[in-house]
Amino acid sequence: MADELELLLDEVEARLCRLSAPGAARGPLRGGREDEEGEKEEEGAAAKGRSAKMLVSPGSSDEDIDDVIDEICNDSFAKMPPKFKSNSARLTPENNSAAVQIHRRRCCPVYLGGSSSPNGIGTNISKRTCDQLRCTACDFRVSLFNDYIWDQSCDYLFFRNNMPELSKLRAKMIKKKGSRAYACQCSWRSIDELTDLQTDQQLRWVCGKHAE
């Protein structure tokens with residue numbers, strides 16, 4: 001990498017010297033090492049077409065110098081292996097941030113509902129029930145069970161000791177078509193119809209974001 005950078009700097013310096021030299025329009029420079037480098041640069045410029053025109057044109061300006069630098073950089077990038085160029089484009093911060101924004105969304109507002117209510121990202125227009133609920137009090141994911149309700153004898157210790165093991169929770173689950181049983185480690189609800197979560201101030205449940 002260091003050798004390639006040194007060659008690139010040498011090429012820029014050689015072209016700039018040729019642009020600024022008084023005899024640039026009449027032919028290559030003469031004298032020692034500069035003669036050899038000048039002859040090599042003239043051969044490369046003739047093969048590239050547009051570069052040759054810039055090098056032999058009199059009255060070079062700052063724009064000409066900028067064009068030479070841009071052309072050298074473009075030539076170096078064109079010689080770069082395709083795999084390296086594709087990786088460079090893919091790892092830009094803009095692409096990474098866009099990917100994160102596209103794949104994660106929250107419900108607003110958050111809805112609970114019975115088994116007949118479709119799950120998904122809830123909005124004021126698309127009233128879908130959230131299936132990515134998480135409790136901010138116990139830090140447990142909220143489990144939901146379609147066509148079941150909780151027995152009235154359920155208490156805090158029952159869920160504290162048995163969540164999230166379904167085999168133990170079944171002891172106090174009652175079959176009821178159309179209902180849905182929700183529970184974390186500290187709270188539980190039996191829901192029959194679409195309900196806005198904000199109407200139940202005791203619940204500390206929030207949408208944990210949906211992957212699209």
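Residues numbered from 1 in each chain as written. Predicted model: local features only at pLDDT ≥ 70, side-chain atom pairs only at ≥ 80, totals over all residues. Heavy atoms only, no water.

### Structural notes on the overall build of the protein
Logical step 1: Along the backbone of the protein there are eight helices and nine strands.
Logical step 2: The buried share of the protein, taken over its 212 residues, is 30%.
Logical step 3: Here the contacts in the protein between residues at least 6 apart in sequence split such that 59% fall between residues at least 24 apart. (Helix = DSSP H or I, 4+ residues; strand = E, 2+ residues; numbered from the N terminus. Buried < 20%, exposed > 50% of the residue type's maximum accessible area, 1.4 Å probe, protein only. Contact = heavy atoms within 4.5 Å.)

### Let's talk about the side chain of R180
Logical step 1: By the element assignment, R180 lies in strand 5 (residues 173-183).
Logical step 2: The side chain of R180 is buried and forms no salt bridge, while D147, the nearest opposite charge, is found at 8.0 Å.
Logical step 3: A polar side-chain atom of R180 sits 3.1 Å from the main-chain carbonyl oxygen of G114. (Lys, Arg positive; Asp, Glu negative; His and termini not counted. Salt bridge = Lys/Arg side-chain N within 4 Å of Asp/Glu carboxyl O. Polar contact = N/O pair within 3.5 Å; in protein donor to acceptor, adjacent residues only side chain to side chain.)

### Quick word on the sheet that holds strand 4 (residues 143-150)
Two modes of strand pairing occur in sheets, parallel and antiparallel, and in both the strands are linked by backbone hydrogen bonds.
Logical step 1: The strand order across the open sheet formed by three strands is 4-5-6, and the pairing between neighbours is antiparallel. Strands with a single pairing partner mark the edges of an open sheet, and in this sheet they are strand 4 and strand 6 (188-191). Direction aside, the axes of adjacent strands within the sheet are offset by 35° on average.
Logical step 2: Note that strand 4 and strand 5 share seven bridges and pair antiparallel. Within strand 5, the residue paired with F145 across the bridge is A181. (Pairing = 2+ DSSP bridges. Axes fitted to C-alpha atoms, helices over the stretch in contact; angles between N-to-C directions.)

### Here we look at the packing of aromatic side chains
Logical step 1: Under the definition given, this model contains five aromatic pairs.
Logical step 2: Here the aromatic rings of F159 and W188 are separated by 4.8 Å at their centres, their planes lie at 25°, and the arrangement is stacked. Placement of the pair is F159 in helix 7 (residues 156-162) and W188 in strand 6, with a sequence separation of 29 residues.
Logical step 3: Here the aromatic cluster, defined as three or more aromatic residues joined through ring pairs, consists of F145, W150, F158, F159 and W188. (Phe/Tyr/Trp six-rings, centres within 6.5 Å; stacked < 30°, edge-to-face > 60°.)

### Some thoughts on the pairing of strand 6
The side chains of a regular strand alternate between the sheet's two faces.
Logical step 1: With four bridges joining them, strand 5 and strand 6 adopt antiparallel strand pairing. Residue pairing across strands places Y182 opposite R189, the latter belonging to strand 6.
Logical step 2: Hairpin remark: strand 5 followed by strand 6, antiparallel, with four residues in the connecting loop.

### A short note on the pattern of salt bridges
Logical step 1: Following the criterion strictly, the structure yields four salt bridges and no others.
Logical step 2: A salt bridge links K168 to E165; the nearest nitrogen and oxygen atoms lie 3.6 Å apart.
Logical step 3: Salt-bridge contacts for R189 lead to D200; the nearest nitrogen and oxygen are separated by 2.7 Å. Taken as a pair, R189 in strand 6 and D200 in the loop between strand 7 (195-196) and strand 8 (205-207) lie far apart in primary sequence, 11 residues in all.
Logical step 4: Given the relative accessible area of 23%, D200 is considered partly exposed.

### Concerning the nonpolar core
Logical step 1: Counting 15 residues, the largest nonpolar core has V110, L112, L133, Y182 and W205 as its most contacted members.
Logical step 2: Mapped by element, the contributors of at least two residues to this core are strand 3 (133-135) and strand 8.
Logical step 3: Excluding residues within four positions of it along the chain, L112 makes contact with T129, L133, Y182, I191, E193, L194, T195, L197, L203 and W205.
Logical step 4: Core analysis: the second largest hydrophobic core is formed by 11 residues, F145, F159, L169 and A181 among them. (Core = buried A, V, L, I, M, F, W, Y, C linked by side-chain atoms within 4.5 Å.)

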